[in-house]
Amino acid sequence: MKKLTILLLTVLTTGWVNAQVRLTGKVRDNRNHIMAGASVQVKGSYDGGVSDSTGHFSFKTFEKGEQTIVVSNVGYKSVEQKIAIGVDTVEMLFNLKEEVNELKAVTVTAGSFEAGDKKRAATVLSSLDVVTTGGANADISAVVKTLPGAQQVGEQEGLFVRGGAGYETKQFIDGTMVNNPYFSSVPDLAQRGRFSPFLFKGTVFSTGGYSALYGQALSSALILESIDIPDRSEASASFSPIFVGGGLQEIAKDKKSSWGVRYDYTNLAAYFAIVKQTPDYFKVPEFHAADANFRIKTKSGGIIKYYTTFATNHLGLRRPNIDDATLKNAFALKNTNWYNNLSWRENLGHGWKMNLGLSYSTDHNDISNHIQNQNNAQVSTGLVWIDSTNFTATTRADLSQFKAVFDKRLSGISVIRFGGEYMYSYNKGLYNTYNSLLKDHFKALFSEADLYITNDLAGKVGVRVEQSSLLNKANIAPRLSLAYKTGQGGQMSIAYGTFYQKPENTYLYATTNFGYTKATHYIINYIKNTALQTFRVEAFYKKYQDLVKTYPAYNNDGSGYAKGIELYWRDKKSIKNLDYWISYSYLDTKRDYLNYPAQMQPNFAADHTASLVMKRFVTQWNTGFNFTYTYATGRPYYLLVKNGAKYNIADQGKTIDYNTLGFSLNYLQNMGKAYGVIVFSMTNVLNSNQVFGYNYGHDGHKEAITTAAPRFIFLGLFLSWGVDRRQDAINNNL
Amino acid sequence: MKQVLVIISMFIAGMVAAQSKYETAMGRGLEQLQAAKTAEDMTTASAFFERVGDAEKDKWLPYYYAAYCNHLTGWMNPKADKDKVAEKSKDLIAKAELVERNSELYCLRQMVAVQQMTVDAMSRYQTYGAEANNALENAKKADASNPRIYLLQGQTLLRTPEAFGGGKAVSKKLAEKSIELFKTFKPASPLHPSWGKDEADKLLEACQ
């Protein structure tokens, strides 16, 4: 019986074996590295195998004669090879070449921090990151300040990047420049940005070497890309002791279009009644802000977006006069701002894409400063250094802009891009009785190519030409960057570029006999990225030329440099449920500009700056806890006094080191049918003494510039119906 | 004698019933899938199904199983690059969808999206969470009686905190609905997807 079984089995199995031929071999990649997991198959049959961890494969096939073997793997180009199958084992060797694609290809990253989901590999910050950064109070600029390259300047708004002044950083929304990204300046008090982080899906903070598409920024570009059509309709409302607001966002049933409106009212009266402020506010800050938007998807996958915001604010504050303690400076400000942005992104077919942007903004200020006595009555002292600080000013700044960019995809994923922009700026001012008017027709043409030489080597070559009618001068700015992939997730980049910027209006009012100010950037960086961790180190050298001098004459004789090294580490992996980043910047910079007698370290530059940002969401409590600690070494301050034909340094020093710990807490809870988020936040939790610089009196004594109150505390409730915004902060367990 | 009969009948079954080479191959593949203990076994099964799919361009099932097996490797190998695995899964699903779009393939799309979301749920929720929800919506539109839809929805919601609309109570209802549907569920053929009953029972247990 047994024998029969064995016999039968033998007969049957030999029959099978004889019919089959074994195919074996190895699979490697183009660098000759072993490739596991590649699929090998006889085309048109079911026979095949998979390469193992040593790159070997082995399988049997019934197929005979001339056959095609196909080897494939994700991310590689499939290889086909014809073989003849006889009776003997066939041995083969395959080399697969990497497929060039956008996700895997090296991206040029020198100088820029890209946030948002657009390119996974370069993601650093998302809009959620902005609202959950401790102490930042959902202000985009405040969060950007925790990234390397930015200075901790608390006495005025703006991003001070790599030895550059605040006005050397420009903000762009959907490609077009924003003229007044911040609320109007108040002396010695930094103001917030105008735009909510929820408007944007991606933020690129470029600290240098950026694309030829952007100009008129010597140091840095903050490139904001607005969201497309949101996922669901929602109504929202927010309540806080300092503001109330409500909004509606309606998405069409077919999800092809949407519109929205929002209104917010802010009044700090109640808050200032509880939390004492150093200045005496005779007009407590009050803001009205309304915005509206629509977005329409086009047939060929493009989108048209419109966003407008209208805001007014009013404030007035008194501070003791620095020269006479019995007198006060009463500063008042009224601002009205209207911003419009219309953009159209379209696929034109045949590899062509188009981006059109149209923007218009107008900004009006009524500002006054009056010397008052103890009874708050306006007085005249007869002392010129006091009386001359009295002023009234009205300003109007309009910017109309059109920008067109065309993209053409070349072979592979290389792209050539070109276009132009036109800006008309109209600035009118009345300072006491002095009228001024500046009009500029500014034109620029640019072209740039993203060249993917291999999957591991990419370059960006660009050039920008600009002409300003006001300066009656043109400039030409080349840009170049290269990136080389050094291994899994790691890459080196270098960037070079020249950048031009018109002098600020303050100086152009005096004379338009200026040229462009100029900066040249040299950057080298290394970045290593995994899905949950990012390491980045960057070194830069920046040369400033033709900076504005105001003394001994108004001209472009200024100069300077900045160099430094910066580190960034973000980790969402090592400690469960904890997301943190560390950034460090070393900066060595000097410049001779305005009335500086020589090249000196400017008063907005610190040698060392470091931030630690931590976020932890505790699922069982539905609460997120966020901490931000920032440290910066002291910044220099100077008293420059005119002595004959020169300004001399009459006094100088360095401020104390800057420390601040910010905290915020987000508690998420259903409230009836609404989803609610309660936000509590506090700046400067440790009550550290913060000195941003000094003001000098006529007699040379100095007073520290500090915050209006040691801390800012915020408590608010945000409700939304329809869409679950709290899902923004969904747990890590999923 | 019995053994001989078995062997002979197996042989005959093998040869004669091999009227459909395709069905035999699929059967073998499903056996591999059942027997797979490691991510490597699963990759082999996936590659096998993919080969069948490449040869049988008018069938969606081979690619469905190829994607399903490939998707599972992402969970079986804790060190797997889930994005890479998902890229491959989506590739395979897309090939199956060229043949037909159906509830099962949409379910698979949900599973793949959830897998990608877990890489960094906090910041990926908006993109991959929405993708997963969309897939289930489509699956319902295609065939609302597919018990796997409610199983997948229940599994996702169980791991979502109550405050976000998840939790045991919501999930339990879905598990019950899935089990109810499994009672009457009949796969269109022995080769069609029929998995999920055990998982639904487990889900219900976890919801207690």
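Residues numbered from 1 in each chain as written. Chains lettered and ligands numbered in written order. Predicted model: local features only at pLDDT ≥ 70, side-chain atom pairs only at ≥ 80, totals over all residues.

Draft legend 1. Summary view of the overall build of chain A. Looking only at helices and strands, one finds six helices and 38 strands in chain A. Principal-axis analysis of the C-alpha atoms places the extent of chain A at approximately 125 × 60 × 50 Å. A buried classification covers 37% of the 734 residues belonging to chain A. If you take every contact in chain A between residues at least 6 apart in sequence, the share linking residues at least 24 apart comes to 60%. (Helix = DSSP H or I, 4+ residues; strand = E, 2+ residues; numbered from the N terminus. Buried ≥ 20, exposed ≤ 12 C-beta atoms within 10 Å, placed from the backbone. Contact = placed C-beta atoms within 7 Å.)

Draft legend 2. Seen up close, the pairing of strand β38 (residues 713-721) of chain A. Residues and elements named next belong to chain A. Judged from the five bridges that link them, strand β13 (residues 234-239) and β38 form a sheet pairing that is antiparallel. Among the inter-strand pairings, S238 is bridged to a residue of β38, identified as F718. Strand direction decides the pairing type here: strand β35 (residues 674-682) and β38, joined by eight bridges, are antiparallel. When the bridges of β38 are listed, V677 appears paired with F718. (Pairing = 2+ DSSP bridges.)

Draft legend 3. Local environment of the domain arrangement of chain B. Residue and element names in this part refer to chain B. By the assigned domains, chain B splits into domain 1 (21-143) and domain 2 (145-208). Averaged C-alpha coordinates put domain 1 and domain 2 at centres separated by 18 Å. Taken together, the contact pairs 15 residues of domain 1 with ten residues of domain 2. Going through the elements one at a time, α2 (21-35), α4 (61-76), α6 (103-117) and α7 (121-142) are the ones with two or more residues in the side of domain 1 that touches domain 2. With six residues, the single largest contributor to the side of domain 1 that touches domain 2 is α6. When its residues are assigned to classes, the side of domain 1 that touches domain 2 shows nine nonpolar, two polar and four charged. (Domains from an automatic or database assignment. Nonpolar A, V, L, I, M, F, W, Y, C, P; charged D, E, K, R; others polar.)

Draft legend 4. Layout of the packing of helix α5 (residues 82-99) of chain B against α6 of chain B. Residues and elements named next belong to chain B. Where α5 meets α6, the axes come as close as 9 Å, and the angle between the chain directions of the two elements is 165 degrees. One element, α5, and the other, α6, form an angle in the roughly antiparallel class. Crossing handedness for the pair α5 and α6: left-handed. In this structure, α5 contributes K82, D83, A86, S89, K90, I93, A96 and E97 to the contact, and α6 contributes L105, L108, R109, V112, Q115 and Q116. (Axes fitted to C-alpha atoms, helices over the stretch in contact; angles between N-to-C directions. Parallel < 35°, antiparallel > 145°, perpendicular 65-115°, else oblique. Left-handed = near helix turned anticlockwise from the far one by under 90°.)

Draft legend 5. Structural detail: the domain arrangement of chain A. For chain A, the assigned domains are domain 1 (2-96) and domain 2 (112-729). The C-alpha centroid of domain 2 of chain A is placed 60 Å from the C-alpha centroid of domain 1 of chain A.

Draft legend 6. Layout of the sheet that holds strand β4 (residues 56-61) of chain A. Residues and elements named next belong to chain A. Taken in spatial order, the three strands make up an open sheet running β4-β1-β7, and their pairing is mixed. Each of the sheet's edge strands pairs with one partner strand only, and the pair in question is β4 and β7 (90-96). Strand after strand, the sheet turns through a mean of 25 degrees between neighbouring axes, direction not considered. Where strand β1 (residues 21-29) and β7 come together, seven bridges link them in parallel fashion. Note that in β7 the partner of V27 across the bridge is F94.

Draft legend 7. Molecular detail of α2 of chain B. Residue and element names in this part refer to chain B. The end-to-end C-alpha distance of α2 is 21 Å, a good match for the 21 Å that 15 residues give at a rise of 1.5 Å each. When α2 is considered as a whole, its buried residues turn out to be A25, M26, G29 and L33. Angular distribution of buried residues about the axis of α2 spans 100 degrees; they occupy a single face of the element. Seen from the open side of α2, the exposed residues pointing more than 90 degrees away from its buried face are E31, Q34 and A35. (Expected span 1.5 Å × (residues − 1). Arc of directions from axis to C-beta.)

Draft legend 8. Fine view of the packing of helix α8 (residues 147-158) of chain B against helix α10 (residues 197-207) of chain B. Residues and elements named next belong to chain B. Here α8 crosses α10 at 35 degrees, and the two axes come no closer than 10 Å. Judged by the twist between their axes, the crossing of α8 over α10 is left-handed. When α8 is examined against α10, the residues P147, L151, G154, Q155 and L158 are found in contact with a partner set consisting of E199, A200, L203, A206 and C207. The class makeup of the residues in the contact of α8 with α10 is seven nonpolar, two polar and one charged.

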